[in-house]
Amino acid sequence: MATALRCFRHLPLLLYRSSFAMTQGLPQAPAGCSALLLDGCRQCVHQVLLTRQLATKKAKGKSQAKVNISAALVEDIINLEETNEDMQAVVEALKEDFSRNISVRTSPGALDHIIVMTQEGKFPLNQLGQISQKSPQLIIVNMTNFPESTAAALKAIRDSGMNLNPEMDGTIIRVPVPKVTREHRESLAKLAKQSTNKSKEALRKVRSKSINQVKKFKSKVSEDTIWLLEKQIQQMADSTAAEMDKLLAAKTKELLG
């Protein structure tokens, strides 16, 4: 009994030296501790340190370590790799939108994939008209092959969000290239933010779809497994959203200087 009390008197000292314990091993037994009691001391130190770490994180509201579940262990519940691919697809779509539609200089290629609503369905503009640049200040869309879709193409260009004001002359659509003014740059920056918000909404749909898939297995697997999977999916979504924020920051800097 006396030996045990001597051992626990040294516990504060062991806790004080705990920063060394994580990298250099636990402290040696205090004088008077037997090998058996030494094991007890080690267990106490580990338990107290763990309790303090968890309490500190909870008290300060800090995020805990990232969850990283092996995809192979939960493949019967959800395909995490597929979820990650779906999230990255949203990021790639945002990159393409930035590159194609949100640029200080409007080019003919920026109009290629504007979607035109016709009576026959939806078509990219470049499948209905011939797009060319007549001068640095003017882009021409020749709708001779599909004259009945000229008005629809004009509307699609105007509603594209690219700050364009096209004019129709028969089957020819003239698209003046906006001057690179401060107002135009600010308009593009707002468009980039709107596009990012739409992409984040698409990301949330991917996340919700994946979490709903996991919840279907509530009656088949433990609550801890469900919680960990939901946590990992949320972390994947947060990481992807952060990547989008970096893309937006870079694009905004490019536009506004």
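Predicted model, so just to flag it, every value in this text is computed and none were measured.

Trainee: Would you explain the overall build of the protein in this entry?
Mentor: Within the protein, the regular secondary structure consists of 9 helices and 6 strands. Counting the 257 residues in the protein, one finds 33% classified as buried. In the protein, the share of contacts with a sequence separation of at least 24, taken over all contacts with a separation of at least 6, comes to 62%. A total accessible area of about 16,400 Å² is found for the protein, and carbon and sulfur atoms account for 52% of it.

Trainee: What is the right way to read the pattern of salt bridges from this model?
Mentor: A side chain of one charge can pair with a side chain of the opposite charge if their charged atoms are brought near each other. Considering all chains together, one arrives at 7 salt bridges under this definition. One salt bridge in this structure joins Lys 95 and Glu 92, with 3.5 Å as the shortest N-O distance. Taken as a pair, Lys 95 and Glu 92 lie in helix H5 (residues 80-101) at a separation of 3 residues, close to a single helical turn. You can call Lys 95 partly exposed: its relative accessible area is 34%. Glu 92 sits in the partly exposed class, given a relative accessible area of 42%. Across the salt bridge formed by Lys 251 and Glu 254, the nearest N and O atoms sit 3.3 Å from each other. You can see Lys 251 and its partner Glu 254 sitting in helix H9 (residues 223-256), 3 residues apart, about one turn around the helix.

Trainee: Whenever I open this one, the sheet that holds strand E6 (residues 172-176) confuses me. Can you help?
Mentor: Pairing between the strands of a sheet is mediated by backbone hydrogen bonds and can be parallel or antiparallel. Spatial ordering of the open sheet is given by E3-E4-E6-E5, a layout of 4 strands whose pairing is antiparallel. Whereas interior strands pair on both sides, the edge strands pair on one side only; in this sheet they are strand E3 (130-135) and strand E5 (167-169). The mean inter-strand angle of the sheet, taken between neighbouring strand axes irrespective of direction, is 25°. The pairing of E3 with strand E4 (residues 138-142) spans 5 bridges and is classified as antiparallel.

Trainee: What's the story with the packing of helix H8 (residues 182-215) against H9 in this structure? I'm lost.
Mentor: Helix-helix packing is described using two parameters, namely the angle between the two axes and the distance between the axes. One way to put it is that H8 packs onto H9 with a least axis distance of 10 Å and a crossing angle of 170°. It follows that H8 is roughly antiparallel to H9 by the angle criterion. For the contact of H8 with H9, a count of residues per class yields 15 nonpolar, 5 polar and 11 charged.

Trainee: Explain the nonpolar core to me, please; I cannot follow it from the model alone.
Mentor: What tends to happen in soluble globular proteins is that the nonpolar side chains get buried as a cluster. Membership of the largest hydrophobic core comes to 29 residues, with the highest contact counts inside it found for Ile 78, Leu 80, Met 87, Ile 102, Val 214, Leu 229 and Ile 233. Elements that contribute at least two residues to this core include exactly H5, H8 and H9. Per-element tally for this core: the top contributor is H9, with 9 residues. Apart from residues lying up to four places away in sequence, Ile 78 is in contact with Thr 83, Ser 210, Gln 213, Val 214, Leu 229 and Ile 233. In this structure, Ile 114, Leu 128, Ala 156 and Ile 173 belong to the second largest nonpolar core, which totals 18 residues.

Trainee: Sorry, what's going on with the side chain of Ser 149 here?
Mentor: Relative to the helices and strands, Ser 149 resides in the loop between E4 and helix H7 (150-158). The residues touching Ser 149, leaving out its near neighbours within four places in the chain, are Thr 118, Leu 128 and Met 143.

Trainee: Would you mind going over the packing of H5 against H9 with me for this structure?
Mentor: Across the interface, H5 lies against H9 with an axial gap of 11 Å and an inter-helix angle of 15°. As far as their axial angle goes, H9 and H5 are roughly parallel. Between H5 and H9 the crossing geometry is right-handed. Contact with H5, carried on its side by Leu 80, Thr 83, Asn 84, Met 87, Gln 88, Val 90, Val 91, Leu 94, Lys 95 and Phe 98, involves Leu 229, Gln 232, Ile 233, Met 236, Ala 237, Thr 240, Glu 243, Met 244, Leu 247, Leu 248 and Lys 251 of H9 and no other residues of that element.

Basis of the calculations
Starting from 1, residues in each chain are numbered consecutively following that chain's sequence as written. The model is predicted, so local features are restricted to residues of pLDDT at least 70 and side-chain atom pairs to those at 80 or more, both for listing and for counting; the totals for chains, interfaces and linings are taken over all residues. Only hydrogens and water are set aside when side-chain values are computed; all heavy atoms of the structure are taken into account. Elements are defined by DSSP. Helices are runs of H or I of four residues or more, strands are runs of E of two residues or more, and each kind is numbered from the N terminus. The rule is simple: take the accessible area with a 1.4 Å probe, protein chains only, and divide by the maximum for that residue type; under 20% is buried, over 50% is exposed, in between is partly exposed. Should any heavy atoms of two residues lie within 4.5 Å, those residues are considered in contact. Computed with the Shrake-Rupley method and a 1.4 Å probe, the accessible areas treat only the protein chains shown as cover for residues. One speaks of a salt bridge when a side-chain nitrogen belonging to Lys or Arg is within 4 Å of a carboxyl oxygen belonging to Asp or Glu. In this description, strands pair whenever DSSP reports at least two bridges between them. Think of each axis as a best-fit line through the C-alpha atoms, taken over the contacting stretch in the case of a helix, with angles from 0 to 180 degrees between the N-to-C directions. Here roughly perpendicular refers to angles of 65 to 115 degrees, roughly parallel to angles under 35, roughly antiparallel to angles over 145, and oblique to all remaining angles. The residue classification treats Ala, Val, Leu, Ile, Met, Phe, Trp, Tyr, Cys and Pro as nonpolar and Asp, Glu, Lys and Arg as charged. All others, Gly included, are polar. Nonpolar core, defined: a set of buried Ala, Val, Leu, Ile, Met, Phe, Trp, Tyr and Cys residues in which side-chain atoms within 4.5 Å join the residues together. Crossings are assigned a handedness: left-handed for a near helix turned anticlockwise from the far helix by less than a right angle, right-handed for a clockwise turn.

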